[in-house]
Amino acid sequence: MPAPASTTERVQFGVFELDLQNAELRKSGVKVKLQEQPLKILQTLLENPGQIVTREELRGRIWPANTFVEFDQGLYNAMARLRDALGDASENPRFIQTVARRGYKFIAPVTLPAGESSPEISPKTEVSRWPWVHRWISSVLAGLLGGALLLVVVFGFDVAGAREWLRSRISPIRSLAVLPLQNLSNDPQQDYFADEMTDELITELAQVGNLRVISRTSAMSYKGTKKTLPQIARELNVDAVLEGSVVRSGDRVRITAQLIQAQGDRHIWAHSYERDLRNVLALQGEIARDIVGEVRANLRPTPSARQVNPESYEAYLRGRHDLNNATSEADLESSISNFQLAIAKNPQSGLAYSGLAVAYAALADFYRAPKEVMPKAKEAATRALHLDETLSEAHDALGWVEFAYEWNWPLAEQNLKRALELNPYNALAHDHYAYFLASLRGRDEAFAENQLARELDPFSLAILADSSFYFYMGRQYDRAIDQGQKALQLDPRCYTCRTYVALSEVQKGQFREATQEIEPVKFPEAAPIDVATTVSILALAGETTRATSLEKSLQVQMMQRYVCPYEVATGYTALGKKDDAFKWLQKSYEAHSICLIWLNSEPRFDPLRSDPRFAALVRQVGLPERN
């Protein structure tokens, strides 16, 4: 490769300028985000404008010897990123021309900024020498030569042994985040498909025995982010990041994925997969196995991947997308409809039954009477496990129904533990087991379990909100407020989070702060259970008139929709109407309200504890006596 020859630190071409000293590409003075490998390719091409830079030269220059990557795919990905940053196209190139079967050529005029060198450099003119290039190439050659000599001595040209030796030089990967796969289908309507393929890949990788995988909610929060991969890895506390793209054309799916180690932004592995949609489960499994091979982890045995019905699987993915992004009753209903359609197209879809179980359970108490939806959730979860006993989500859903609705503690614990055994990184299962421990065992155990859930899914609104509620029930009000406020930073419209913060504030005597916190919690935006909770907050804050007025409006609402009787009882308790409170607690028992699992911990029921009717109700539910 020709040697360059000047002391310039910047190179210009068109509206772009490459700052060699700071390794930055700018467009009209504005920094363009570009990863290390595409940037090095650009530098290499600019050193040889108008000349072919071969693929072999790029391999030696860009991919160090201790990087394990499918070279063709890695080069393709890096070049695609570079062209994207330059607004270039391989079919009609302005900057980089592909030379078939040989390499690439930089075809645009290259100039040096005024004062750094003279004249414009045409594509066929040799660029002046840059000292850093000589130093960089010398160090690379020295490293390659030294490494090659060592490999000869140690392994006697044993390629497999050399690969293992080089792999051992890379820091171990014990934790991983799967970033949202980019939809490259040129169809925004396929965003749901890319999102849910990300979700399914996370679920598949969670089967890895000794690899911590960040849960979906936190991973999806980085969709469209401008943050660097090392920054994302630091925020999620992971060793590596998997990123990639999805292209769907009819019933064909192509996934391109690359594994990047956070330390040093090092590319470890890349590959492209293309399958028919009916073989998408096998595709997900293949990607997981390839990644497992790179990180030297252990993949738990899973049933052989079956072919899927494309129409059924698409409906399943739409249902999963609605469920994962649900913020209303309508979202959950849409999710249920899509899961039911998936089942109608393929009655053997355990995944669809599992998702259906979760969607039904999510309706309980917030929007629907538990007796209306929880038996359906149990039926769906049971059917899912009949089809595939290894579904962690289905065990978790069944355990939640047995715990929160049926109050069958032994079976609930059995299924919740089985869910965690199948997938130790199922953040929601850890959260549900924390509920179980908080209600029936020790609070310290519950806090520890909830901490695990937060570590696995640090940006999960639901888990942060539950954490706030655990601390409230444990009467650690400052910590409850802190967790609730963190949740509100993620979504200020989380009305449940607002009620949890206000509950702790009112217990601390911060009445003004509590009433301000719940000001936005109103119909129709807020769920009925959240509006009902504000009655007790207003009453405890001394605003009896407002509390009484709201309680009367709830009575009208109850004629049209389900309102959680447990929260109605807390309102009457705060208003000093004990008989009415016990009347509604009995209704809560008859409805099997999921809130009753907190009966013996709830601070708002302290005025009722000395009444024999309260102790009798605790025994009816089967809860242990409060410490």
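Small disclaimer: the values here were computed from a predicted structure and weren't measured.

Participant: I'd like to hear about the confidence of the model for the protein chain, residue by residue, with values.
Facilitator: Per-chain confidence: the protein chain averages 81 in pLDDT, with 83% of residues scoring 70 or above. Within the model, pLDDT remains below 50 along residues 114–170, and this stretch shows 81 contacts once partners closer than five positions in the same chain are excluded.

Participant: Go over the pairing of strand 3 (residues 24–27), please, and point to the residues and values.
Facilitator: Pairing analysis gives 4 bridges linking strand 2 (residues 16–19) to strand 3, with the strands arranged antiparallel. By the bridge assignment, Asp19 is partnered in strand 3 with Glu24. Linking strand 2 back to strand 3 in an antiparallel pair, the connection comprises 4 residues, with Ala23 at a positive phi of about 55°. Bridging between strand 3 and strand 4 (residues 30–32) involves 3 bridges; their strand directions are antiparallel. Looking at strand 4, one finds that Leu25 is bridged to Val32.

Participant: I'd like to hear about the packing of aromatic side chains, residue by residue, with values.
Facilitator: Counting across every chain of the model gives 25 aromatic pairs. Both rings, one in Tyr316 and one in Phe339, keep their centres 6.0 Å apart while their planes meet at 45°; by these two values the pair is tilted. In this pair, Tyr316 is assigned in helix 10 (residues 310–324) and Phe339 in helix 11 (residues 329–345), connecting sequence segments 23 residues apart. By the burial criterion, Tyr316 is buried, and Phe339 matches it. In this structure an aromatic cluster arises from ring pairing among Trp400, Phe403, Trp409, Tyr433, Tyr435, Phe436, Phe469, Tyr470, Tyr472, Tyr477, Tyr500 and Trp598.

Participant: Explain helix 11 to me, using residue names and the numbers behind them.
Facilitator: Given a rise of 1.5 Å per residue, 17 residues ought to cover 24 Å, and the 25 Å separating the end C-alpha atoms of helix 11 matches this to within 8%. All of the buried residues in helix 11 are Leu332, Ser335, Ile336, Asn338, Phe339, Ala342 and Ile343. Along helix 11, the residues classed as buried sweep out an arc of 165° about the axis, all on the same side. Lining the buried residues of helix 11 we find helix 10 and helix 12 (350–363).

Participant: Pulling in residues and values, what's your account of the environment of Glu590?
Facilitator: Of note, Glu590 is situated in helix 25 (residues 578–591). For Glu590 and Lys371, which are 219 residues apart along the polypeptide, the C-alpha to C-alpha distance reads 9.4 Å.

Participant: Let's hear about the packing of helix 6 (residues 191–205) against helix 10: which residues, and what values?
Facilitator: The contact between helix 6 and helix 10 brings their axes to 9 Å, and the two run at 85°. With respect to their mutual orientation, helix 6 and helix 10 come out roughly perpendicular. Of the residues in helix 10, those in contact with Tyr192, Phe193, Asp195, Glu196, Met197, Asp199 and Glu200 of helix 6 are Tyr313, Glu314, Tyr316, Leu317, Arg318, Arg320, His321 and Asn324. Here the contact of helix 6 with helix 10 is composed, by residue class, of 6 nonpolar, 2 polar and 7 charged.

Participant: A description of the sheet that holds strand 5 (residues 52–54) should follow, citing residues and the corresponding values.
Facilitator: Pairing is antiparallel in the open sheet, where 3 strands are placed in the order 5-7-6. Each edge of the sheet is formed by a strand with only one pairing partner; in this case those strands are strand 5 and strand 6 (96–99). For this sheet the average axis-to-axis angle between neighbouring strands, irrespective of direction, equals 30°. Across 3 bridges, the pairing between strand 5 and strand 7 (residues 103–106) is antiparallel. Looking at strand 7, one finds that Val53 is bridged to Tyr104. Where helix 1 (residues 36–47) meets the sheet, it contacts strand 5, strand 6 and strand 7, and its direction lies at approximately 65° from that of strand 7. Contacting strand 5 and strand 7, helix 2 (residues 55–62) runs over the sheet at an angle of about 65° to strand 5.

Definitions and cut-offs
- Residues numbered from 1 in each chain as written.
- Predicted model: local features only at pLDDT ≥ 70, side-chain atom pairs only at ≥ 80, totals over all residues.
- Heavy atoms only, no water.
- pLDDT = per-residue confidence, 0-100.
- Contact = heavy atoms within 4.5 Å.
- Pairing = 2+ DSSP bridges.
- Helix = DSSP H or I, 4+ residues; strand = E, 2+ residues; numbered from the N terminus.
- Phe/Tyr/Trp six-rings, centres within 6.5 Å; stacked < 30°, edge-to-face > 60°.
- Buried < 20%, exposed > 50% of the residue type's maximum accessible area, 1.4 Å probe, protein only.
- Expected span 1.5 Å × (residues − 1).
- Arc of directions from axis to C-beta.
- Axes fitted to C-alpha atoms, helices over the stretch in contact; angles between N-to-C directions.
- Parallel < 35°, antiparallel > 145°, perpendicular 65-115°, else oblique.
- Nonpolar A, V, L, I, M, F, W, Y, C, P; charged D, E, K, R; others polar.

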